[in-house]
Amino acid sequence: MTLPDNVTRIGSTDGEELYEVALTAASGARARVLSWGATLRDLRVPGPDGSLHPGVLGFTELQRYLANPSYLGATCGRVANRIGGGRFTVDGRSYELARNERGVTHLHGGTRGFSHRPWTIAAVDEDTVTFARTAPDGEESYPGNLDLSCTYRLISPGTLRVEMEARSDATTPVNLAHHSYFTLDPRRSSHELVVEIAASRYTPLDALKVPTGEIAAVEGTGYDLRSPRRLGDAGITYDINFVLDQSLGELRFAARVASPRSGRTLEVWTTEPGLQLYDASMLAETDKGLDGLTHGKHAGICLEAQNFPDAVNHPGFPSPWLGPGELYRQVTEYRFS
């Protein structure tokens, strides 16, 4: 098979060929994306002088992505984030899922969710690639055959647009999320960043980091990021879902992150009802990062547009259910400046 000039075969696993796609925007912004897990490996965005700056953490070695316990750059699903007890009920039938987090919680789609499987390249251009796969009925114990796609698109001068779609032949929960660890100032802590999130409410957690079902006000808590705030000032760590204020389904402003040192900023715009802020407090340590970076605690920041965690078990949360013939669609833009 003749590959396009920007597609490179980089290896194989379990008999499946793996590819890397290089994307380039007119502004010079660049990205490298892997067919394994529909994973963003590298992102470079231009500064005012035209020089390229890193936007995400990544690995130098493919083998690191095959394991990838911290989900760097991955597409997570069938249900991203956590499902309490690894169980849910739909249409009168109960489903038991893998409890792949501490043996008690289902996390990011299970032992081998979408983040740890090969996808195919459905379409590719200079600045855009679409990956696709079919998750068969029963994969990770979920119901329904699910056809899905993930499109990465570079938009000048420095925007990464992520579009995800899915259709099922049976009622099933779907909640996809992009899981890059963003960096505006490499080698500096995420707690030095100034963060603003357009959310007056959040979903409190139990001791296992599973939502209690309550939707609470951020006012008077360390989660009040409605005005720009240095992340470390509250003296807490962050791995929490924020309830975004504006209308569901419309592409709207969700968050802004700024580095006082570098002057770089990142805005998140999304159609999703929630945004998971994770400060990488448990990021696995490695010295195999791009540009010689050592990854570890607080080395990056995750801004995961999503439905609320454990929505399958909380009727008061936005519905995670996708029925036959229905379309799941998420659009999220990461805008660097």
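Look up: the structure comes first, before these words.
Thresholds, definitions, all that
- Residues numbered from 1 in each chain as written.
- Predicted model: local features only at pLDDT ≥ 70, side-chain atom pairs only at ≥ 80, totals over all residues.
- Heavy atoms only, no water.
- Helix = DSSP H or I, 4+ residues; strand = E, 2+ residues; numbered from the N terminus.
- Rg over C-alpha atoms; globule rule 2.2 N^0.38 Å.
- Buried < 20%, exposed > 50% of the residue type's maximum accessible area, 1.4 Å probe, protein only.
- Contact = heavy atoms within 4.5 Å.
- Salt bridge = Lys/Arg side-chain N within 4 Å of Asp/Glu carboxyl O.
- Pairing = 2+ DSSP bridges.

> Sorry, what's going on with the overall build of the protein here?
Within the protein one finds 1 helix and 27 strands. For 337 residues, the compact-globule estimate of 2.2 N^0.38 gives 20 Å, and the C-alpha radius of gyration of the protein, at 19 Å, lies within 12% of that figure. Taking the principal axes of its C-alpha atoms as reference, the protein extends roughly 60 × 55 × 35 Å. Residues counted as buried form 58% of the 337 residues belonging to the protein. Long-range contacts, defined as pairs at least 24 residues apart, comprise 64% of the intrachain contacts of the protein with a sequence gap of at least 6.

> Would you take a moment to explain the pattern of salt bridges for this structure?
Once their charged atoms are close, side chains differing in charge can pair, the charge on each being opposite to the other. Counted according to the given criterion, the structure contains 28 salt bridges. Note that Arg82 is salt-bridged to Glu101, the shortest N-O span being 2.8 Å. In this pair, Arg82 is assigned in strand β7 (residues 82–84) and Glu101 in the loop between β9 (93–96) and β10 (105–107), connecting sequence segments 19 residues apart. The same class applies to Arg82 and to Glu101, which are both buried. Ionic pairing is found between Asp233 and Arg230, a salt bridge with its closest N-O pair at 3.2 Å. Here the residues in one salt-bridge network are Arg153, Arg161, Glu163, Glu165, Arg329, Glu333 and Arg335, joined through shared partners.

> Got a minute to help me understand the sheet that holds strand β27 (residues 328–336) in this structure?
Strand order in the open sheet made by the 9 strands is β11-β12-β13-β14-β27-β23-β22-β17-β20, with antiparallel pairing throughout. Edge positions in the sheet fall to β11 (120–124) and β20 (229–230), since each has one partner strand and no second. For strand β13 (residues 146–155) and strand β14 (residues 159–168), the ladder comprises 10 bridges, and the chain directions are antiparallel. For Tyr152, the partnering residue across the bridge sits in β14 and is Val162.

> Can you walk me through the pairing of strand β4 (residues 39–46) in this structure?
If a strand is regular, its side chains alternate between the two faces of the sheet. Among the 8 residues in β4, 7 count as buried, and that is most of the element. Where strand β3 (residues 30–34) and β4 come together, 5 bridges link them in antiparallel fashion. Bridge pairing in β4 links Ala31 to Leu43. The antiparallel pairing of β3 with β4 creates a hairpin that spans 4 residues between the two strands, and Gly37 there sits at a positive phi of about 70°. In this antiparallel pair of consecutive strands, β4 and strand β5 (residues 52–54), the connection spans 5 residues, and Gly50 shows a positive phi of 90°.

That is the geometry; function is a separate question.
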